[in-house]
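As a plain string of letters, each chain reads:
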Amino acid sequence: MNTPIKIYIPNETASNSVGAIEAHRTISRLKGIEEARIIRNGSWGAFWLEPFIEVEKEGHRKGVCYKSVDLSTFNTIDDFLKDFESRQPFDIREIDFIKKQKRIVFSRIGMDDPLDISFYQNSGGYSALKNALNLDQQTIIDKIKKSGLTGRGGAAFPTGIKMQTVSDQDNSLKYLACNADEGDGGTFSDRLIMESDPFALIEGMTIAAFAVGASKGFIYLRSEYPLAKTYLTRAIEIARKNNFLGKNIQSSDFDFDIDLRIGAGSYVCGEETAMMESIEGRRGLVRSKPPLPAINGLFDRPTLINNVVTLATIPPLLNGSHSDFSDLGSGKSTGTMPFQLCGNIQQSGLVETGFDITIGEIIENYGKGTKTGMPIHAIQIGGPLGIYLSSKMMSTKLTIESLQTIKGSVGHGGIVIFDDTVDMSEQAKFAMEFCAKESCGKCTPCRIGSIRGVEIIDRLQKNSSSKEDSILLNELCKTMEATSLCAMGGMTPNPIYSIINNFPNELIDE
Amino acid sequence: MKKLKETIKSFTEIEGGLMPALHAVQEQEGHISKNAISELAHAFNYSKAEVLDVLTYYDDFTLEPSGEHVIRVCGAEACQSLKSKELTDLLTDHFGLNLGETTSDSKITLKEVFCLGNCALGPSVMINQTVIGEADKDKVLSFLDNIE
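Source: prediction; values computed, not measured.

Participant: Would you take a moment to explain the overall build of chain B for this structure?
Facilitator: Looking only at helices and strands, one finds seven helices and four strands in chain B. When the helices and strands of chain B are read in sequence order from the N terminus, they spell out α-α-α-α-β-α-α-β-β-β-α. Every one of the 148 residues in chain B was classed for burial, and the buried ones make up 55%. For chain B, the accessible area works out to roughly 7,000 Å², and carbon and sulfur atoms hold 49% of it. Here chain B carries 13 positive and 24 negative side-chain charges, and the mean point of each set is 5 Å from the other.

And the structure:
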């Protein structure tokens, strides 16, 4: 008997947003479809090609971008396959965008059904956990320390050190909280893991919990990600059924389970202390530190808090590809980083690569030019609390250290491209507006400073040569930076400084 | 009435149950009514003011019912780079609404959202639970026609 043809139609937010749902509906109703097998895979992260539909025949897998194609004229599977062949299908793994990347954490996305736990295990999944359960907990923490992994959520704190602190606490109950409140504009790497490889996150959480002695895990997921909620809910159930969560995991004496909690539309709940407040059922107000969450966190217990990508990095790190990861880069910028190339750019999507790359190289090698065909004018790196680079700064390296020297940060790895129709004074104003809308309101510099900031920039937009307002804006920014309780107010000035410095005469006349 | 009590009850036994309880009530009733606030306060042993204090912090919880369809236009940076402001203006004009308002026939609520994680295919609009990428006014309106 011939192996049936496989048709891969992604079920992932970006693919669905440009037609994958309709494509699946149409293809699954074609006459003769029962002879083929439809697989709802994740996305490969080459989003400009979505909806990317692949056909696998006799082991050869090729795909076609079906954006804006009306499939409803086809009646039979043969109509579809004939059309598919006429569109010059290609193997997505062979295109430069994918081939040039160093995919370690995102090695599995796009390949198969994200909820197929056999596929997960056959592609190396859960071997790291099985090994870890036979190791001394300190050995695992030492390995993570040695790997050089730093938090990918934004603050880039060494993951192993954080784990050590939690591990060192003598407490009968410890928690693990996964921060899946990916709120930075221009980022989607956490979403992509949760929708296209959710077991990687669950395995990473389980290993981290075992290493630090946590018995209960929370995932705090933003409500703007309904599909990720569906995937995680099912993946947690499947992991439980297969004894990868729950009591005596894989016949060990380790118990661990995960509770999925949904945010409610607050950006600042991505800040770890506000996240804890929200999980505990209160307003998402930032707590002052100390105490560190690692010592006194959720429900006053020691709590390990990491973001999705950081936790999903743990299994491949422990899985023998350790040196592949740690030999890349140096210092805080060790290993791979999933950069998210988006906004006004032709080839948008997820680029997992070492940090040791310039913004110019990322754009040239992966993104190509703007979608609108106009020249690039500004590039935002690191989300709303990051900075804007001008088109003259293409040689800027994307390492954490290099961006720090220009008051920037890699943050969560978002890279947003703007063409020359952008008004940089509007971007500066947006930084303050966003802070005003999303401030938790606990500290004055953030709550009131942001509103005064909007007003000053409003005046500068009418009179950009006002010395008085330019001095006032600078003083306000300095105050917010020095006196805000958390990064929200403390780093909101960063995009504004960068616009003043890198875009002369666009907000303030020199 | 009893159903609301039951919905809430299942969350009182879990750690930090108020947030999931609020989500469940919002989903079931379309908003958090005065009655629901009393029920929540009673179930969690809070004052009504404490429940109100929590729920008013979060955009997702509303004291009034939203329209039958909730349209959220993304206003974050990646969508700005692809003219989400213009799209927002077209939609506010079309429906005759400001952001955050609901049409008088209770059909449409128009809101702003900051990031749907669809930044590679902006501008993005979420209608109820569905994200529309590379959105324009026509795409939004024809999506609404199809679900009507």
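Participant: Help me out: how do you make sense of the interface of chain B and chain A in this one?
Facilitator: Quite often, the size of an interface is put as the accessible area lost when its parts meet. The interface of chain B with chain A comprises 41 residues on the first partner and 63 residues on the second. For the pair chain B and chain A, the summed buried area comes to about 3,900 Å², and 52% of that belongs to carbon and sulfur atoms. Among the residues chain B hides against chain A, the three largest losses belong to B:Glu15, B:Tyr57 and B:Glu77. Together they make up 19% of the total. Between the two partners, chain B and chain A, sit six salt bridges. Ionic pairing is found between A:Lys67 and B:Glu134, a salt bridge with its closest N-O pair at 3.0 Å. Linking chain B to chain A there are 30 residue pairs in polar contact (both at pLDDT 80 or more).

Participant: Explanation requested: the domain arrangement of chain B in the structure shown.
Facilitator: Domain boundaries assigned for chain B yield domain 1 (2-55) and domain 2 (69-147). Here the C-alpha centroids of domain 1 of chain B and domain 2 of chain B sit 30 Å apart.

Participant: Sorry, what's going on with the side chain of A:Thr358 here?
Facilitator: Within the secondary structure, A:Thr358 sits in the loop between strand E12 (349-354) and helix H15 (359-367). When residues no more than four places from it in sequence are discounted, the contact partners of A:Thr358 are A:Met394, A:Ser395, A:Thr396, A:Lys397 and A:Leu398.

Participant: Any chance you could explain empty space enclosed by the protein here in plain terms?
Facilitator: If a probe as big as a water molecule is rolled over the atoms, it shows which places are left empty. Residues and elements named next belong to chain A. Taken as a whole and judged by the stated rule, the model has six cavities of 30 Å³ or more. Of the voids in this model, the largest cavity is the one considered here, and its volume is about 60 Å³. In terms of lining residues, the largest cavity is bounded by Val286, Ser439, Cys440, Gly441, Lys442, Cys443, Cys446, Ser484, Leu485, Cys486, Met488 and Gly489. Considering only residue class, the lining of the largest cavity consists of seven nonpolar, four polar and one charged.

Participant: Explain the pattern of salt bridges here, please?
Facilitator: Pairing of side chains with opposite charge becomes possible as their charged atoms draw close. Scanning all chains against the criterion turns up 32 salt bridges over all chains. Residue A:Arg191 pairs with A:Glu195 through a salt bridge whose shortest N-O separation is 2.8 Å. Within this pair, A:Arg191 and its partner A:Glu195 are both found in helix H9 (residues 189-196), separated by four residues, close to a single helical turn. Classification of A:Arg191 by relative accessible area gives buried; the value is 0%. Judged by its relative accessible area of 0%, A:Glu195 is buried. A salt bridge links A:Asp259 to A:Lys216, with the nearest nitrogen and oxygen atoms 3.6 Å apart. Placement of A:Asp259 in strand E7 (residues 257-262) and of A:Lys216 in strand E6 (residues 216-221) is noted, with a sequence separation of 43 residues between them. Its relative accessible area of 23% is what places A:Lys216 among the partly exposed residues. Here the salt bridges share partners, and the residues they tie into one network are A:Lys216, A:Asp259, A:Arg261 and B:Glu15.

Participant: Hey, could you run me through the packing of helix H2 (residues 18-29) of chain B against helix H3 (residues 34-44) of chain B in this one?
Facilitator: Helices that pack against each other are described as a pair by the angle of their axes relative to one another and the distance between those axes. All names here are of chain B. It is the contact of H2 with H3, at a shortest axis distance of 12 Å, that shows an interaxial angle of 150 degrees. Relative to H3, H2 is oriented roughly antiparallel. By crossing handedness, the relation of H2 to H3 is classed as right-handed. Between H2 and H3, the residues in contact are Leu18, Ala21, Leu22 and Val25 and Ala36, Leu40 and Phe44, respectively.

Participant: Could you clarify how one ought to interpret the domain arrangement of chain A in this entry?
Facilitator: Residue and element names in this part refer to chain A. Looking at chain A, the domain boundaries give domain 1 (5-99), domain 2 (117-326), domain 3 (331-419) and domain 4 (424-502). With centres defined by C-alpha atoms, the gap from domain 2 to domain 4 works out at 34 Å. Taken residue by residue, the interface counts ten residues in domain 2 and seven residues in domain 4. Its largest share of buried area at the contact with domain 4, domain 2 owes to Tyr267, Val268 and Val286, together 61% of the area lost on that side. The interface formed by domain 2 and domain 4 contains zero salt bridges. For the interface between domain 2 and domain 4, the tally reads two residue pairs in polar contact (both at pLDDT 80 or more). Here the residues of the side of domain 2 that touches domain 4 sort into four nonpolar, four polar and two charged.

Participant: Would you take a moment to explain the pairing of strand E15 (residues 414-419) of chain A for this structure?
Facilitator: It is a general feature of regular strands that their side chains alternate between the two faces of the sheet. Residues and elements named next belong to chain A. Counting buried positions along E15 gives six out of six residues, so the element sits mostly inside the fold. Of the two faces of E15, the one carrying Gly414, Val416 and Phe418 and the one carrying Ile415, Ile417 and Asp419 are both buried. Bridging between strand E11 (residues 336-343) and E15 involves four bridges; their strand directions are parallel. Residue pairing for E15: cysteine 342 is matched across the bridge by valine 416. Pairing of strand E13 (residues 376-381) with E15 involves five bridges; the strand directions are antiparallel. The partner of isoleucine 381 across the bridge, within E15, is isoleucine 415.

Participant: In this structure, what is going on with the sheet that holds E6(A)? I would like to understand it.
Facilitator: Strand pairing in a sheet takes place through backbone hydrogen bonds and is either antiparallel or parallel in direction. All names here are of chain A. Taking strand neighbours across the sheet as the criterion, the four strands line up as E7-E6-E5-E8 in an open arrangement whose pairing is parallel. This sheet does not close on itself; its edge strands, each paired only once, are E7 and strand E8 (303-307). If you compare each strand with its neighbour and ignore which way they point, the axes differ by 20 degrees on average. Of the strand pairs in this sheet, strand E5 (residues 175-180) and E8 are connected by five bridges, and their pairing is parallel. Considered in E8, the bridge of asparagine 179 is made with asparagine 307. Seen against the sheet, helix H12 (residues 272-279) touches E5, E6, E7 and E8 and runs at an angle of roughly 105 degrees to E6.

Basis of the calculations
- All chains use their own residue numbering, which begins from 1 and follows the written sequence.
- Written order determines the labels here, with chains lettered from A and ligands numbered from 1.
- Owing to the predicted nature of the model, reporting of local features is limited to residues with pLDDT of at least 70; listing and counting of side-chain atom pairs is limited to 80 or more, with chain, interface and lining totals taken over all residues.
- To get the side-chain values, all heavy atoms of the structure are used, and hydrogens and water are removed first.
- The secondary structure listing takes helices from DSSP runs of H or I that are at least 4 residues long and strands from runs of E that are at least 2 residues long, numbered from the N terminus.
- Relative accessibility under 20% of the residue-type maximum defines a buried residue, over 50% an exposed one, and the middle range a partly exposed one, all with a 1.4 Å probe and only protein chains included.
- For accessible areas, the Shrake-Rupley method is used with a probe of radius 1.4 Å. Any residue's cover is judged against the shown protein chains and nothing else.
- His residues and chain termini do not enter the charge count, which takes Lys and Arg as positive and Asp and Glu as negative.
- Positions of charges follow a simple convention, taking NZ of Lys, CZ of Arg, CG of Asp or CD of Glu.
- Note on contacts: a residue pair qualifies if any of its non-hydrogen atoms lie within 4.5 Å across the two residues.
- Put simply, buried area is how much 1.4 Å-probe accessible surface two parts lose in total, over both of them, once they are put together.
- When a carboxyl oxygen of Asp or Glu lies within 4 Å of a side-chain nitrogen of Lys or Arg, that pair is called a salt bridge.
- Polar contacts, as counted here, are pairs of nitrogen or oxygen atoms within 3.5 Å of one another; within protein the pair requires one atom able to donate a hydrogen and one able to accept it, and residues that are adjacent in sequence qualify only if both atoms are side-chain atoms.
- Throughout the structure description, domain borders are defined by an automatic or database domain assignment.
- Any residue with an atom within 4 Å of a point lines the site, the site being either a cavity, points on a 1 Å grid over the protein atoms alone where a 1.4 Å probe fits but cannot get out, or a pocket, an open set with protein on both sides within 12 Å along at least 5 of 7 lines.
- Grid points are joined across faces, edges and corners, and a volume is the space filled by probe spheres set on the points.
- Polarity classes work like this: nonpolar for Ala, Val, Leu, Ile, Met, Phe, Trp, Tyr, Cys and Pro, charged for Asp, Glu, Lys and Arg, and polar for all others, with Gly in that last group.
- To get an axis, a line is fitted to the C-alpha atoms, and for a helix only the part in contact is used. The angle between two axes follows their N-to-C directions and goes from 0 to 180 degrees.
- An angle counts as roughly parallel when it lies under 35 degrees, as roughly antiparallel when it exceeds 145, as roughly perpendicular when it falls between 65 and 115, and as oblique in every other case.
- Two helices that cross are described as forming a left-handed crossing if the nearer one is turned anticlockwise from the farther one by less than a right angle, and a right-handed crossing if clockwise.
- At least two DSSP bridges between two strands are needed for those strands to be called paired.

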